[in-house]
Amino acid sequence: EQLELTPPQDAGPPHRVGLLLPLSGPRAELGRDLLQAAQLALFDVSDEEFALVVRDTKGTPDGAAQAAESAIGAGANLLLGPVFSSSVEAVAPVAEGGQVPVVAFSNDRAVARPGVYVTGLLPGEQIDRIVGYAAEQGHTDFAVLAPNDSYGDLVTGAMQDAAQRHGVYLVTAQSFPPEAQDISEPVKQLAEYQRRQGELKRRRQELRNSSGSEAQRRLNELQNLDALGQAPFDAILLPMGGSRLRALAPTLPYYDIDPDEVQFLGTAQWNDPALGSEPTLQGGWFPAPPPESWQRFAQRYADTYSAEPPQIAGLAYDATALAALLARQAVRNDTPPAQVYTTEALTQRSGFAGVNGLFRLNPDGLIERRYAVLEMQRDGLKVLAPAPSSFAGPTN
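These lines cover the structure that appears in this document, whether it is placed above or below. Just so you know, these numbers come straight off a predicted model, no measurement behind them.

### Observations concerning the pairing of strand β16 (residues 380-385)
With five bridges connecting them, strand β15 (residues 372-377) and β16 associate as antiparallel partners. The residue of β16 that forms the bridge with Met376 is Leu381. The antiparallel pairing of β15 with β16 creates a hairpin that spans two residues between the two strands.

This is the structure:
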C-alpha cells in the first residue's frame with residue numbers, strides 16, 4: 001500500500017522527503033498516529049515547494065527496505081523513519097546506496113551512524129541530566145535497579161558514566177529478569193536487608209540483656225522496625241515506566257528503602273501524571289522534554305484528530321518540521337534539492353526547537369536533547385528545573 005501525498009517525479013514540488021511508517025500490520029495504529037503528527041507539521045511549516053512521499057513499511061525490515069527504495073525512486077532526498085531498529089538496519093544500506101540520509105524514530109543508539117540519525121529519547125542523556133541534578137541537590141551515593149537485558153546494561157553503563165562525570169558514587173546496581181513478577185530478592189540485596197535485619201536482631205538482644213528503663217525505652221523504639229539503619233545510598237534510579245514501575249515501586253519501602261530517606265529517580269518513562277497515584281513515587285524526580293512545548297502540540301493534535309498523541313508522535317512532527325524548514329531555506333537560497341539535506345545542514349550546532357524541546361543531530365548519528373527536571377506529585381507534575389535554552393555550557 002502506498003499513500004501518495006506528492007505527484008510523480010516529473011511534476012510537482014521539487015523538495016521531497018520520504019516518510020516510512022508501519023501503515024499496515026500489527027503496528028498500523030502507531031503508523032497512523034505518526035502520519036497524523038507529520039501532517040500537522042506540514043500544515044505548520046511547509047510550503048508548496050515541499051511534499052512528503054509516504055510509504056508503508058508493513059512493520060517489517062523487508063517492508064522498510066522496499067519502502068525506502070520506492071521513496072528514493074519517487075525523488076526523496078531524505079528519509080524520515082522507520083520506527084523499529086531492525087527496520088532502520090534494513091533501510092541504512094538502501095539509503096547509503098542512494099546517498100540519502102535517514103532521520104529515524106528509533107531510540108536504539110546501536111543503529112546510529114553517519115548519515116543515519118536516531119531521534120528517540122536516548123537513556124544516556126536522560127540519566128546524565130537527572131544524576132547531575134541530584135548531585136547538585138547534595139546526593140552523593142547512588143543505586144540503580146534495572147532489567148537484566150540490553151536496555152538494563154545500557155542504563156547501568158550510563159549510570160556509571162554519569163556518576164564519574166558528576167563526582168558521585170554508584171554504590172550498587174542490581175538487575176532482575178525482564179519478565180519477573182517478583183523482584184523482592186534484588187531489592188533485598190540493594191537494601192542490604194538481611195544484614196540490617198541481623199543488626200536489628202542483635203541490637204534487640206543486647207537491649208534485652210541490659211537492665212534499666214533506658215534500655216527498655218530504646219527497645220520499645222525498635223519494636224516496629226524491620227531492619228536497622230538506612231539503605232547504603234541516598235538516591236536510586238528506577239529506569240522503567242508504566243505497569244512495571246507501578247508493580248515495582250511498593251516493593252522498595254517494604255524492604256526498607258524509604259522514599260523519605262532515599263531520593264527516587266526515574267527516566268522520561270516516568271512522564272505520566274497518572275503515576276502520581278502511587279504514593280511511593282510521589283516526590284520522585286525525572287528528566288523529560290519541556291512540558292510546555294509538548295502540551296501545545298498535544299492540544300493541537302487533540303483538536304485536529306480528537307485523540308491524544310502518543311509520546312513518539314512528537315518525533316514525527318519534529319522530523320517533518322525540520323525537513324520542511326530546511327527546504328524553505330533552500331528555496332530562499334536557490335539550493336538544488338539534492339544539496340538540501342547535507343550533513344552540515346542537518347547537524348547545525350545551534351540545534352532546532354521542537355515539540356520535545358531543543359535538539360540537535362550529531363555527525364555520528366546520535367541526537368542531543370535538553371531536558372527539564374520534573375517532580376512526580378499526587379495531582380500532577382511540577383517543573384523543578386527548566387530545560388537549558390541553548391547548547392552552550394553544561395547540561396545541568
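### Some thoughts on unusual backbone geometry
Put simply, Gly81 and Pro82 share a cis peptide bond, and its omega is 0 degrees. Here Pro82 shows up in the loop between β4 (79-80) and α3 (85-97). If you check the backbone angles, Ser306 has positive phi at about 55 degrees while not being a glycine. Considering the arrangement of structural elements, one finds Ser306 in the loop between α11 (291-305) and α12 (313-333). A residue is classified by how much of its surface remains accessible, and Ser306, at 69% relative accessible area, is exposed. Of note in this structure, Asp334 is not a glycine but carries a positive phi near 60 degrees.

### Comments concerning helix α5 (residues 150-166)
Between the first and last C-alpha of α5 there are 24 Å, a value that for 17 residues agrees with the 24 Å anticipated at 1.5 Å per step. Every buried residue of α5 is accounted for by Gly152, Val155, Ala158, Met159, Ala162 and Ala163. For α5, the arc enclosing every buried residue in end-on projection is 140 degrees, short of the 170-degree limit, so these residues lie on one face. Seen from the open side of α5, the exposed residues pointing more than 90 degrees away from its buried face are Ser150, Asp153, Asp161, Gln164 and Arg165. Along its buried surface, α5 packs onto α4 (123-136), β7 (141-147), β8 (169-176) and β9 (235-237). Capping of α5 at its N-terminal end is provided by Asp149; its side-chain oxygen lies 3.2 Å from the backbone amide nitrogen of Tyr151.

Analysis parameters
- Residues numbered from 1 in each chain as written.
- Predicted model: local features only at pLDDT ≥ 70, side-chain atom pairs only at ≥ 80, totals over all residues.
- Heavy atoms only, no water.
- Pairing = 2+ DSSP bridges.
- Helix = DSSP H or I, 4+ residues; strand = E, 2+ residues; numbered from the N terminus.
- Buried < 20%, exposed > 50% of the residue type's maximum accessible area, 1.4 Å probe, protein only.
- Expected span 1.5 Å × (residues − 1).
- Arc of directions from axis to C-beta.
- Contact = heavy atoms within 4.5 Å.
- Polar contact = N/O pair within 3.5 Å; in protein donor to acceptor, adjacent residues only side chain to side chain.

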